[in-house]
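Coordinates in review
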Amino acid sequence: EVLRADGTKITTLTNGRVDTVKPDGTTITQFPNGRKVTTKPNGVKIVLRKNGVKVTSFPNGKKVTLRPDGTKIVLRQNGAKVTTRPDGTVVTIKPNGTKIVRRPAPEVVEQPQPVADLDQKSLLKLLLRLMVNAERHGQDVQTSLKLTFD
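Bear in mind that the values here come from a model prediction, so they are computed numbers and not experimental data. (Residues numbered from 1 in each chain as written. Predicted model: local features only at pLDDT ≥ 70, side-chain atom pairs only at ≥ 80, totals over all residues. Heavy atoms only, no water.)

Examining helix H1 (residues 120-136)
The end-to-end C-alpha separation of H1 is 24 Å, in line with the 24 Å expected for 17 residues at 1.5 Å each. Those residues of H1 that sit buried are Leu126, Leu130 and Ala134. Viewed end-on, H1 has its buried residues packed into an arc of 65°, placing them on one side of the element. Turned more than 90 degrees off the buried face of H1, the exposed positions are Lys121, Leu124, Lys125, Leu128, Arg129, Glu135 and Arg136. (Helix = DSSP H or I, 4+ residues; strand = E, 2+ residues; numbered from the N terminus. Expected span 1.5 Å × (residues − 1). Buried < 20%, exposed > 50% of the residue type's maximum accessible area, 1.4 Å probe, protein only. Arc of directions from axis to C-beta.)

Brief notes about the pattern of salt bridges
Opposite charge on two side chains permits pairing when their charged atoms draw close. Applying the stated rule across the entire model yields two salt bridges. Where Lys9 meets Glu1, a salt bridge forms, and the shortest distance between an N and an O atom there is 3.8 Å. Among the residues examined, Glu1 registers a relative accessible area of 72% and is labelled exposed. Between Asp19 and Arg17 there is a salt bridge; the shortest N-O distance is 2.7 Å. Note on Arg17: relative accessible area 27%, which makes it partly exposed. (Salt bridge = Lys/Arg side-chain N within 4 Å of Asp/Glu carboxyl O.)

As for the sheet that holds strand E4 (residues 27-30)
What the twelve strands build is an open sheet, ordered E1-E2-E3-E4-E5-E6-E7-E8-E9-E10-E11-E12; its pairing is antiparallel. Where the open sheet ends on each side, the last strands, each with one partner, are strand E1 (2-3) and strand E12 (99-102). Pairing between E4 and strand E5 (residues 36-39): four bridges, direction antiparallel. Paired with Ile28 across the two strands is Thr38, which belongs to E5. (Pairing = 2+ DSSP bridges.)

As for the packing of aromatic side chains
Under the counting rule described, the total for this entry stands at zero aromatic pairs. It is Arg35 that lies over the ring of Phe31; its NZ or CZ is 4.5 Å from the centre. Here the guanidinium or amino end of Lys62 rests over the ring plane of Phe58, the centre of that ring lying 5.9 Å away. (Phe/Tyr/Trp six-rings, centres within 6.5 Å; stacked < 30°, edge-to-face > 60°. Lys NZ or Arg CZ within 6 Å of the ring centre and 35° of its normal.)

Examining the pairing of strand E7 (residues 54-57)
Here four bridges tie strand E6 (residues 45-48) to E7, and the two strands are oriented antiparallel to one another. Bridging from a neighbouring strand, Leu48 pairs with Lys54 of E7. The turn joining E6 and E7, which pair antiparallel and follow one another in sequence, is formed by five residues; a positive phi near 95° is taken by Gly52. In terms of strand pairing, E7 meets strand E8 (residues 63-66) through four bridges, oriented antiparallel. Looking across to E8, one finds that Thr56 is bridged to Val64. Between the end of E7 and the start of E8, which pair antiparallel, lie five residues, with Gly61 showing a positive phi angle near 100°.

If you want it as structure tokens, here you go:
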């Protein structure tokens, strides 16, 4: 047993388990298999498994699991389970078994069509629209066209 100057008490058991008690009341238990359990004075318990999975349990019954791949699973007090996948998909399973899947909206990138790719009819429509717009705003049509195509 070791007592540090800051008041932390560390106990190593014969089976390889290490128990640590911090001055604030936080306890940390490290097991030989790599699992680590931290219990805070407020009742929050954090379990870090050897495989990198982290499970946080709250006194109100809520439990949050974080996986190394970025998946987050929340078990709510009412029994609902909400899983957020790395791609942003959210799967909610309500206590009555109803499953709701929300996928993130795909990103839409609109690329303007290069003028050189327009056919003659489309090019004429574009020119006419530019001319009408220039006149409507009191601009010189020739200057407006020059700025557009430079």
